[in-house]
Each structure stands twice: as C-alpha cells, then as structure tokens.
Amino acid sequence: MPAENNLIDELIAGCLIGKRSAQEQLYERFYRAMAAICMRYTKNREDAVEVLNDGFVKVFKNIQRFDRVKASLYTWMRTIMINTAIDFIKRQQPAFTDLNLPEEEEPAIENDIILKTDADELLGLIRRLPAATQTVFTLFTVDGYSHQEIGQLLGISEGTSKWHVSDARKKLKQFIRHHE
C-alpha cells in the first residue's frame, strides 16, 4: 500500500498544480468506481455521465481541500459524487416533498428473489422508482447514510426519509414479482 499511497500523493500533487496528465490519470484510476456511484443516482447513462463529469470538475477544483487524515481519496471523491448527484436531482426535481408520514413497517424483500435478480436488472428496477424515492433508497441502503443524514442532505424529515425507503421496498417487491 505505501507504493499506492505514493502514487496517489504524486497524482494529487500534479492536480494541485493543474498538471493535465495527473488529472487524466486520477480520472482513469477512479472512473469506474465513481461512474458506478453516479449510475445509482440517475435514471440513465447520459445523466450519469453528466454527474460524473461535473463531479470530477469539482474534484479538480477542490483538490487542495483533500485531507488524507480525514478520509481516503476514494471516500472524499465518493462524497463529492454523491453530493453532485443530489444537486443534479434537485435541479431536475426542485423540491423533495417533506411528507411527515407515520412510520410504516418496512416490507421485506425475500433474499431468494434478490439472489435471482442480477445487479444490472436490480439497478434497472431501482431506476424505475420516482427520483426522490430512488435517491433516498440509494443513500440509505447502498451508501449507508442514516435517515437523519438524508434529511439534512435533502431538507426533509427523518420520517419522510423512512417513508421513501419503505415505498421503494414496496415498489421494488412489486417490480421483481412482475419481472419474474
């Protein structure tokens, strides 16, 4: 890992002085992982590429803010990509509705159903969810944000966040059953 850290440090140093080759190498090194994150939050490839490119612009503009003590470069970039995706979604759908609905028991999706569904199919089904529900579901189930954190990010209550996750699970269960 020391060699890996040295390479990352060299790329960061190059990016700090605006060295194009360092930016290209950093982009290539993290492209797949960051693209996967962007794909989870958007409805199609074109939108994911837009979010990805906007995210990398933010990475290069703010590389001086990266602090290895606080997070790994991957984690720092991941946060930028997620926030860029949320900004993109907010531009598409200006207001997340704060429903303040009572908590419902979350519907379970049987593991055998999920195991029979490949990752691309599952991503396709998640993309069929309404944008706000897709975003909250992805933040909670994939990226591990708490309902409180999601509420702060999106300007909604914890109850609304929980409702979106519950609604997503119900809809995904229906999609999977109809998909079989």
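Residues numbered from 1 in each chain as written. Predicted model: local features only at pLDDT ≥ 70, side-chain atom pairs only at ≥ 80, totals over all residues. Heavy atoms only, no water.

**Considering the overall build of the chain**
From N to C terminus, the chain includes 9 helices and 0 strands. Its helices and strands in sequence order give the chain the pattern α-α-α-α-α-α-α-α-α, from N to C terminus. Among the 180 residues that make up the chain, the fraction classed as buried is 42%. When the accessible surface of the chain is summed, it comes to about 10,200 Å², and 51% of that surface belongs to carbon and sulfur atoms. (Helix = DSSP H or I, 4+ residues; strand = E, 2+ residues; numbered from the N terminus. Buried < 20%, exposed > 50% of the residue type's maximum accessible area, 1.4 Å probe, protein only. Areas by Shrake-Rupley, 256 points an atom, 1.4 Å probe, with all protein chains shown as cover.)

**Regarding the side chain of H147**
Along the chain, H147 falls in helix α8 (residues 147-154). Engagement of the side chain of H147 in a polar contact is seen with the side chain of S161, the distance being 2.7 Å. There is a polar contact of 3.5 Å between the side chain of H147 and the backbone nitrogen of K162. Here H147 is in contact with F140, E158, S161, K162 and V165, once residues within four sequence places are set aside. (Polar contact = N/O pair within 3.5 Å; in protein donor to acceptor, adjacent residues only side chain to side chain. Contact = heavy atoms within 4.5 Å.)

**What about the side chain of Q134?**
Relative to the assigned elements, Q134 resides in helix α7 (residues 131-142). Look at Q134 and you get buried, because its relative accessible area is 1%. Residues within four places of Q134 in sequence aside, it is in contact with R40, Y41, T42, K43, I126, R127 and L129.

**Some points on the layout of surface pockets**
Here the largest pocket defines a volume of roughly 310 Å³. Broken down by secondary-structure element, the contributors of at least two residues to the lining of the largest pocket are α2 (20-41), α6 (119-127) and α7. Looking at which element gives the most residues to the lining of the largest pocket, the answer is α6, with 6 residues. Looking at side-chain class alone, the lining of the largest pocket contains 8 nonpolar, 1 polar and 4 charged residues. (1 Å grid on protein atoms, 1.4 Å probe; cavity = no way out; pocket = protein on both sides within 12 Å on 5 of 7 lines; lining within 4 Å. Points joined across faces, edges and corners; volume = space filled by probe spheres on them. Nonpolar A, V, L, I, M, F, W, Y, C, P; charged D, E, K, R; others polar.)

**Digging into the pattern of salt bridges**
By the definition in use, this model includes 7 salt bridges. A salt bridge links R40 to D143; its shortest N-O distance comes to 2.7 Å. A residue pair is termed long-range when its members are at least 10 positions apart, and R40 in helix α2 and D143 in the loop between α7 and α8 qualify at 103 residues. A residue is classified by how much of its surface remains accessible, and D143, at 11% relative accessible area, is buried. (Salt bridge = Lys/Arg side-chain N within 4 Å of Asp/Glu carboxyl O.)

**Remarks on the nonpolar core**
Formed by 38 residues in total, the largest nonpolar core has its most connected members in V59 and L73. Mapped by element, the contributors of at least two residues to this core are α1 (2-16), α2, α3 (45-61), α4 (73-92), α7 and α8. No other element matches the 10 residues that α4 contributes to this core. When residues no more than four places from it in sequence are discounted, the contact partners of V59 are L26, W76, M77, I80 and M81. (Core = buried A, V, L, I, M, F, W, Y, C linked by side-chain atoms within 4.5 Å.)

**Side note on the packing of α2 against α3**
Orientation of α2 relative to α3, taken along the N-to-C sense of each, is 135°, at an axis distance of 10 Å. Of the possible angle classes, the one that applies to α2 and α3 is oblique. The two elements α2 and α3 cross, and the hand of that crossing is right-handed. Each of Q23, L26, Y27, F30, Y31, M34, A35, C38 and M39 in α2 lies in contact with α3, whose residues at this interface are R45, A48, V51, L52, N53, F56, V59 and F60. Taken together, the residues of the contact of α2 with α3 break down into 14 nonpolar, 2 polar and 1 charged. (Axes fitted to C-alpha atoms, helices over the stretch in contact; angles between N-to-C directions. Parallel < 35°, antiparallel > 145°, perpendicular 65-115°, else oblique. Left-handed = near helix turned anticlockwise from the far one by under 90°.)

**A closer look at the packing of aromatic side chains**
Overall, the coordinates contain 4 aromatic pairs when judged by the stated rule. For the pair Y27 and Y31, a centre-to-centre distance of 5.6 Å together with 45° between the ring planes defines the contact as tilted. With a gap of 4 residues between them, Y27 and Y31 both fall in helix α2, about one helical turn apart. On the basis of relative accessibility, which here comes to 35%, the residue Y31 falls in the partly exposed class. Centroid distance Y27 to F56: 4.5 Å. Interplanar angle 50°. Geometry classified as tilted. Taken together, the residues span a long stretch of sequence, with Y27 in helix α2 and F56 in helix α3 at a distance of 29 residues. With a relative accessible area of 25%, Y27 lands in the partly exposed category. Following the ring pairs from residue to residue traces out a cluster consisting of Y27, Y31, F56 and F60. (Phe/Tyr/Trp six-rings, centres within 6.5 Å; stacked < 30°, edge-to-face > 60°.)

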